[in-house]
Structures are given as C-alpha cells and as structure tokens.
Amino acid sequence: MILIVVGLTLEFRHRIEDNIHEIIMTIPTLKQEYPKLKNEWKFERDLDFIYGSIIGQILGSSFTAFKMIYNREASSEEILMIGEIIESYFPIIRDEITHTNTKQNT
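Here the residue numbering is sequential within each chain, running from 1 through the sequence in written order. Local features in a predicted model are, by the rule used here, given only for residues with pLDDT of at least 70; side-chain atom pairs are given and counted only at 80 or more, and totals for whole chains, interfaces and linings are based on all residues. Heavy atoms throughout the structure, all of them, feed into the side-chain values; hydrogens and water do not.

Examining a nonpolar patch on the surface
Step number 1: Patch definition: residues above 30% relative accessible area lacking any salt bridge, with like charges linked at up to 9 Å and the nonpolar side chains Val, Leu, Ile, Met, Phe, Trp and Tyr linked at up to 5 Å. Under the convention used here, a 1.4 Å probe and the Shrake-Rupley method define accessible areas, while residue burial counts only the protein chains that appear. Salt-bridge detection follows one rule: a side-chain nitrogen of Lys or Arg within 4 Å of a carboxyl oxygen of Asp or Glu. Together, Leu59, Phe63 and Ile79 make up an exposed nonpolar region whose accessible area comes to about 210 Å².
Step number 2: Secondary structure follows DSSP: runs of H or I at least 4 residues long count as helices, runs of E at least 2 residues long count as strands, and numbering of each begins at the N terminus. Mapped onto the fold, Phe63 is located in helix H3 (residues 46-70).

Structure representation (structure tokens):
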C-alpha cells in the first residue's frame, strides 16, 4: 500500500486552530473542577495535570478532525505537522493556565 502524504489544507489548519481556541477557553472551568478530579485521579501537580488534560483534548480533537476531513488516519509525517501547529500554542496555553491560576488566588 502506498500512502501519499497530503499537505494540511487551510481548512484543516483553521479547524485545528478554532478547536485550540475553544479548548483554551475551557481552562477556567477545568481549573474549578480539578480539585474533584484530584481526589479521583490522585495526581500531585495541579498545573501539570491541567496542561496535560488540555493538550490531550487538543490532540484528540485534531486527529478526529483530520479523519473527518480526509477520511483516513494521519500518516506519521502528517502527525508531525499537526504537532507543530499544536506546539505553536504551548506558550499561550501555559500563559492561560498561569493567568487563570493567578486570578483564582487573589
């Protein structure tokens, strides 16, 4: 089987970026809920848990969007391209987690 790597379309990139922004908007709610999750999941580092949860949601929604648009799983090259888009948002995600944390502690 030969797999042709498709460059990520502008439509797909926009969908990923829209999803990322929507998920980032859930950070304040997640931070309010994490004390309950901490009891159930037994994690120790709150910010790491929130960061991992947000990145997991973004990855899941990105791969689902890929499958919906292209009707197949992403190749390893495409996974790397998707990862690069997501990585470009890491500073924004960290800032939002930190900003929300600061607001809750005042």
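Now, onward.
Concerning the nonpolar core
Step number 1: Put simply, a nonpolar core is a bunch of buried Ala, Val, Leu, Ile, Met, Phe, Trp, Tyr and Cys residues held in one set by side-chain atoms that sit within 4.5 Å of each other. Think of it in three bands: residues with accessible area under 20% of the maximum for their type are buried, residues over 50% are exposed, and the middle band is partly exposed, with areas taken using a 1.4 Å probe on protein chains only. Within the largest apolar cluster, 26 residues are counted, with the highest numbers of intra-cluster contacts made by Phe12, Ile54, Ile82 and Ile93.
Step number 2: Residue assignment for this core shows that the elements contributing at least two residues are helix H1 (10-24), helix H2 (27-41), H3, helix H4 (76-87) and helix H5 (90-105).
Step number 3: Looking at which element gives the most residues to this core, the answer is H3, with eight residues.
Step number 4: A contact between two residues is defined here by any heavy atoms of the two lying within 4.5 Å. Residues within four places of Ile54 in sequence aside, it is in contact with Ile23, Thr26, Ile27, Leu30 and Ile93.

Here we look at the environment of Ile93
Step number 1: Looking at where Ile93 falls in the secondary structure, it is placed in helix H5.
Step number 2: Looking at Ile93, the relative accessible area reads 0%, which means it is buried.
Step number 3: It is 9.3 Å that separates the C-alpha atoms of Ile93 and His21, two residues lying 72 residues apart in sequence.
Step number 4: Sequence-distant contacts of Ile93, defined by excluding residues within four places in its chain, comprise Ile24, Ile27, Tyr51, Ile54, Ile55 and Ile58.

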